[in-house]
Amino acid sequence: GRGKALVFLFGSRPFKEGVCPGVEAALRTMRAGGGEREVLVPAAQGFGARGFASAAWSAPPDADLKYVLTLERVSIPP
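Analysis parameters
- Per-chain numbering applies: the sequence of each chain, read as written, is numbered from 1 onward.
- Predicted model: local features are reported for residues with pLDDT of at least 70 only, side-chain atom pairs are reported and counted for 80 or more only, and whole-chain, interface and lining totals are derived from all residues.
- Hydrogen atoms and water are omitted, and side-chain values are computed over all heavy atoms in the structure.
- Starting at the N terminus, helices and strands are each numbered in turn, a helix being any DSSP run of H or I of at least four residues and a strand any DSSP run of E of at least two.
- Accessible area is worked out with a 1.4 Å probe on protein chains only. A residue is then buried under 20% of its type maximum, exposed over 50%, and partly exposed in between.
- Accessible areas in this description were obtained via Shrake-Rupley with a 1.4 Å probe; residue shielding takes into account the shown protein chains only.
- Geometry of aromatic contacts follows a simple scheme: Phe, Tyr and Trp rings, the Trp one being its six-membered ring, pair when their centres are within 6.5 Å, and the pair is stacked under 30 degrees between planes, edge-to-face over 60, tilted otherwise.
- Note on scores: pLDDT gives the predictor's confidence for each residue, bounded by 0 and 100.
- Remark: nonpolar core denotes a set of buried residues (Ala, Val, Leu, Ile, Met, Phe, Trp, Tyr, Cys) joined through side-chain atoms within 4.5 Å.
- By definition in these notes, contact holds between two residues if any of their heavy atoms fall within 4.5 Å.

Visitor: Which residues make up the overall build of the protein chain, and what values go with them?
Guide: A count of helices and strands for the protein chain gives one helix and four strands. The N-to-C order of helical and strand elements in the protein chain reads α-β-β-β-β. Counting across all 78 residues of the protein chain, residues that qualify as buried make up 31%. As displayed, the protein chain offers around 5800 Å² of accessible surface, 53% of which is attributable to carbon and sulfur atoms.

Encoded structure:
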């Protein structure tokens with residue numbers, strides 16, 4: 001959801017909570033504490049023909065997506 005922090009295991013599949021391949025690709029180029037980045041994700045790197053729906057938000061099938069990302073912290077799991 002908008003303005004909420006999301007914790008996830010980088011590279012995990014299937015993606016959950018609105019993380020798609022395009023967001024993961026953008027996060028690869030960011031550094032923690034580096035500020036906000038607006039990311040435009042084409043449908044092919046988003047949720048494609050299946051779309052996405054959760055309690056917080058949804059994306060229709062074949063939708064291009066716009067995210068504003070901030071990478072707050074990176075942790076290495078034990």
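Moving on, there is more to tell.
Visitor: Which residues make up unusual backbone geometry, and what are the values?
Guide: The phi angle of most residues is negative, glycine excepted, and most peptide bonds adopt the trans form. Even without being a glycine, Asp62 presents a positive backbone phi close to 55°. Assignment of secondary structure puts Asp62 in the loop between β3 (58-59) and β4 (65-70). Of the residues examined, Asp62 reaches a relative accessible area of 53% and is grouped as exposed.

Visitor: Report on the packing of aromatic side chains, specifying residues and quantitative values.
Guide: Here the distance between the centres and the angle between the planes together describe a pair of aromatic rings. Taken as a whole, this structure holds four aromatic pairs when the rule is applied. Between the aromatic rings of Phe52 and Trp57, the centroid separation amounts to 5.0 Å while the plane-to-plane angle is 40°, which identifies the pairing as tilted. Owing to a relative accessible area of 16%, Phe52 belongs among the buried residues under this scheme. Look at Trp57 and Tyr67: their rings are 6.4 Å apart centre to centre, the planes differ by 90°, and that puts the pair in the edge-to-face class. Within this pair, whereas Trp57 is found in the loop between β2 (52-53) and β3, its partner Tyr67 is found in strand β4, the two being separated by ten residues in sequence.

Visitor: Residue-level account of the confidence of the model for the protein chain, with values.
Guide: Here the protein chain averages 85 in pLDDT, and 90% of its residues register 70 or above. Mean pLDDT in the protein chain bottoms out at β2, which sits at 87, and peaks at strand β1 (residues 36-41), which reaches 95.

Visitor: If you had to explain the nonpolar core to someone new, which residues and values would you point to?
Guide: Of all hydrophobic cores here, the largest spans 16 residues; its most connected members are Cys20, Val23, Phe47, Leu65, Tyr67 and Leu69. Listed by contribution, the elements that provide at least two residues to this core are α1 (21-28), β1 and β4. Ignoring any residue separated from it by four or fewer positions in sequence, one finds Leu69 in contact with Val23, Ala26, Leu27, Met30, Gly35, Glu36, Arg37 and Val39.

Visitor: Please give an account of the environment of Arg28 that cites residues and values.
Guide: For Arg28, the location among the structural elements is in helix α1. Take Arg28: its relative accessible area is 57%, and that puts it in the exposed class. Taking the C-alpha atoms as reference points, Arg28 and Phe10, separated by 18 residues in sequence, lie 9.3 Å from one another.

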